[in-house]
Amino acid sequence: EHDAVAYVFTKGRTHAACKEVLKDFHGCLIVDGYDGFEPIGQKDGMRFAHCNNHARRGFVRAEGSDRKRAEEALLFYQELYRVEEEGKALSPEERKILRQEKAAPVFDKFREWLVMVSRAAPPKSPLGKACAYVLKRWDTLRTYLTDGMVPIDTMAVERAFRVVALGRKNYLHAASELGAHGAAIGYALVNTCLLQDIDPFIYLCDVLERVGTCPQRDVATLLPQNWKCRYLEEATA
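1. Topic: the overall build of the protein
- Each helix and strand counted, the protein has 11 helices and 2 strands in total.
- Its helices and strands in sequence order give the protein the pattern α-β-β-α-α-α-α-α-α-α-α-α-α, from N to C terminus.
- Each principal axis of the C-alpha atoms in the protein carries an extent, and together these give about 65 × 45 × 35 Å.
- Nonlocal contacts in the protein, meaning residues at least 24 apart in sequence, comprise 57% of its contacts between residues at least 6 apart.
- Looking at charge distribution, the protein has the averaged site of its 34 positive side-chain charges lying 7 Å from that of its 33 negative ones.

2. As for the packing of aromatic side chains
- Considering all chains together, one arrives at 13 aromatic pairs under this definition.
- Ring-pair connections join several aromatic residues into one group, and the members of that group are Phe59, Phe76, Tyr77, Phe107, Phe110, Trp113, Trp138 and Tyr144.
- Directly above the ring of tyrosine 34 sits arginine 13, whose terminal nitrogen or CZ lies 4.2 Å from the centroid.
- It is arginine 210 that lies over the ring of tyrosine 231; its NZ or CZ is 3.8 Å from the centre.

3. Observations concerning helix H4 (residues 92-120)
- Across its 29 residues, H4 extends 39 Å between first and last C-alpha, which sits within 8% of the 42 Å expected from 1.5 Å per residue.
- At glutamine 100, H4 shows its largest bend, some 40°.
- Along H4, the positions that sit buried rather than exposed are Arg95, Leu98, Arg99, Ala103, Ala104, Val106, Phe107, Phe110, Trp113, Leu114 and Val117.
- In this structure, the buried residues of H4 make contact with helix H2 (52-62), helix H3 (67-86), helix H5 (126-136) and helix H6 (138-141).

4. Some words on the environment of glutamate 86
- Position of glutamate 86 relative to the elements: it lies in helix H3.
- Since its relative accessible area comes to 43%, glutamate 86 is described here as partly exposed.
- Along the primary structure glutamate 86 and arginine 99 are separated by 13 residues, whereas in three dimensions their C-alpha atoms are 9.8 Å apart.
- Excluding residues that lie within four positions of it along the chain, glutamate 86 makes contacts with Leu98 and Lys102.
- Separated by 2.8 Å, the side chains of glutamate 86 and lysine 102 make a polar contact.

5. As for a nonpolar patch on the surface
- A surface patch of nonpolar side chains, amounting to about 260 Å² of accessible area, comprises Leu204, Leu208 and Val211.
- What makes leucine 208 exposed here is its relative accessible area of 64%.

6. What to know about the environment of cysteine 51
- Checked against the element boundaries, cysteine 51 lands in the loop between strand S2 (46-50) and H2.
- Along the primary structure cysteine 51 and leucine 141 are separated by 90 residues, whereas in three dimensions their C-alpha atoms are 6.4 Å apart.
- Once residues lying within four places of it in the same chain are set aside, the contact partners of cysteine 51 are Val31, Asp32, Leu141, Ile152, Asp153 and Thr154.

7. Some remarks on the state of the cysteines
- The full count for this structure, using the stated rule, is 0 disulfides.
- The closest cysteine sulfur to the non-disulfide-bonded cysteine 18 is located on cysteine 51, 15 Å from its own sulfur.
- Cysteine cysteine 193 is unpaired, with the sulfur of cysteine 205 as its nearest cysteine sulfur at 11 Å.
- By relative accessible area, which is 0% here, cysteine 193 ends up buried.

8. Thoughts on helix H8 (residues 177-195)
- Taking 1.5 Å per residue, 19 residues should reach 27 Å; H8 reaches 27 Å between its end C-alpha atoms and fits that length.
- Looking at H8, one finds that the buried residues are Ala180, Ala184, Tyr187, Ala188, Asn191, Thr192 and Cys193.
- Just downstream of H8 lies aspartate 197, where phi reads positive at about 60°.

9. Here we look at the nonpolar core
- Phe59, Phe110, Trp113 and Val134 are the most contacted members of the largest nonpolar core, which has 32 residues in total.
- Breaking this core down by element, the ones donating at least two residues are H2, H3, H4, H5 and H6.
- Valine 134 has contacts with Ala55, Phe59, Tyr77, Phe110, Leu114 and Leu141, leaving out every residue within four places of it along the chain.
- Counting residues in each nonpolar core, the second largest holds 9 residues, with Leu22, Val31, Tyr34 and Ile40 among its members.

The rules behind the values
Residues numbered from 1 in each chain as written. Predicted model: local features only at pLDDT ≥ 70, side-chain atom pairs only at ≥ 80, totals over all residues. Heavy atoms only, no water. Helix = DSSP H or I, 4+ residues; strand = E, 2+ residues; numbered from the N terminus. Contact = heavy atoms within 4.5 Å. Lys, Arg positive; Asp, Glu negative; His and termini not counted. Charge placed at Lys NZ, Arg CZ, Asp CG, Glu CD. Phe/Tyr/Trp six-rings, centres within 6.5 Å; stacked < 30°, edge-to-face > 60°. Lys NZ or Arg CZ within 6 Å of the ring centre and 35° of its normal. Expected span 1.5 Å × (residues − 1). Bend = angle between axes of the 7 residues up to and from the residue. Buried < 20%, exposed > 50% of the residue type's maximum accessible area, 1.4 Å probe, protein only. Polar contact = N/O pair within 3.5 Å; in protein donor to acceptor, adjacent residues only side chain to side chain. Patch = residues over 30% accessible without salt bridge, like charges linked within 9 Å, V, L, I, M, F, W, Y side chains within 5 Å. Areas by Shrake-Rupley, 256 points an atom, 1.4 Å probe, with all protein chains shown as cover. Salt bridge = Lys/Arg side-chain N within 4 Å of Asp/Glu carboxyl O. Disulfide = S-S within 2.5 Å. Core = buried A, V, L, I, M, F, W, Y, C linked by side-chain atoms within 4.5 Å.

Structure (structure tokens):
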């Protein structure tokens, strides 16, 4: 609901890095299947929602070896995403009701299909692996059905990360850990501006003038989502 994105530099995508970044987080954690998140999900006050798009990709990969059954699985996902499209403009509560009415029955049928197919598909085959991935995370793939604020997948995060991948391709290195921390801050500010429909150039010009006289206790007012409400009109003028 705040439309903000944070980028955090760590030395590696390790279990310890996940734990450090998320040590104070409580709420619903929406993630891919990386097992580094698993210990964090066991904390009190934490809920897990696994990404349905990551689950779907297993069946896309399986098309090469078992096209017929892979396409049957993809039809279930097609229906689930059709429900999401229908609920885009609804309030969170209305979206939850819609999901319960239309998406939950699709999941029930999908589970029956998965159990049936997984018995026949070799465990090491692409289709067998795709079925096992979904069945292992069944409850957390369904988390979004009970909360209209939770998305069906992590695609918003993946879209936000594309700028990092593109930058890495263009300039290869951040030169130092300090530079990487700085890059993370720059990515966070500029891309939050874009999410908030703010011109990053106007924002940075204004904030770089204000930050020198802003008391530490008020520095959060300079974050793009807060700056927009407080200073955008003045800065644009």
